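Fold and contact review
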Amino acid sequence: MSRSLRPLLACLTSSALLLAPAPGMGESAMAIQRNAGASLDFRIIIPPIMRVLENSHPRQLDTFADGKVSAQQRLVVLSNMRGGFCVSLRRAAPQLGTWELQTAPQNGIQLSPTADGYSLCGTRPGRYTVLLQHRFGTIDSSANALNWPVQTDISSI
């Protein structure tokens, strides 16, 4: 066989091998049905989020001569929960006497007293920025400065 026919023979042999079915190849079949259809069902699941973006307040409170203490707390809460969320505010300092908490009226926010503090609830999903004004009357008049006396816990409704 001449040298010029060898490449042609190799090409023909490899083409024949590609066209012949191999024993390991998969099978396929096409079935024709009338009125066949398909549907897709997509579901987008957004996980529940409840996050305190900011909880700022002074580290220490200065006691005034009359034994009164006043401080402001800023809470920024983000929630996509349908039922909303509640923030529980409890007194963590035993030397405090009376405690009053006020906030400006805001749509979707409810502030109510509880047995051991206050409950601040957001009734719908959204981003809430709340300014809380705390007023304390101390029992211990000798205390010059107090650590932040309010414990803040958040929960979903």
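Before going into details, it helps to say that this report is about the structure given with it. (Residues numbered from 1 in each chain as written. Predicted model: local features only at pLDDT ≥ 70, side-chain atom pairs only at ≥ 80, totals over all residues. Heavy atoms only, no water.)

What follows covers the pairing of strand E6 (residues 109-114). Examined bridge by bridge, E6 and strand E7 (residues 117-122) share six bridges and lie antiparallel to one another. Bridge pairing in E7 places Leu111 opposite Leu120. Following E6, the chain reverses through two residues before pairing antiparallel with E7. (Pairing = 2+ DSSP bridges. Helix = DSSP H or I, 4+ residues; strand = E, 2+ residues; numbered from the N terminus.)

Take the pattern of salt bridges next. Applying the stated criterion across every chain, the model contains three salt bridges. Across the pair Arg74 and Glu54 runs a salt bridge whose closest N-O atoms are separated by 3.0 Å. Note that Arg74 is positioned in strand E3 (residues 68-79) and Glu54 in strand E1 (residues 50-56), a separation of 20 residues in sequence. Among the residues examined, Arg74 registers a relative accessible area of 32% and is labelled partly exposed. Close ionic contact of Asp153 with Arg90 constitutes a salt bridge, the shortest N to O distance being 2.6 Å. (Salt bridge = Lys/Arg side-chain N within 4 Å of Asp/Glu carboxyl O. Buried < 20%, exposed > 50% of the residue type's maximum accessible area, 1.4 Å probe, protein only.)

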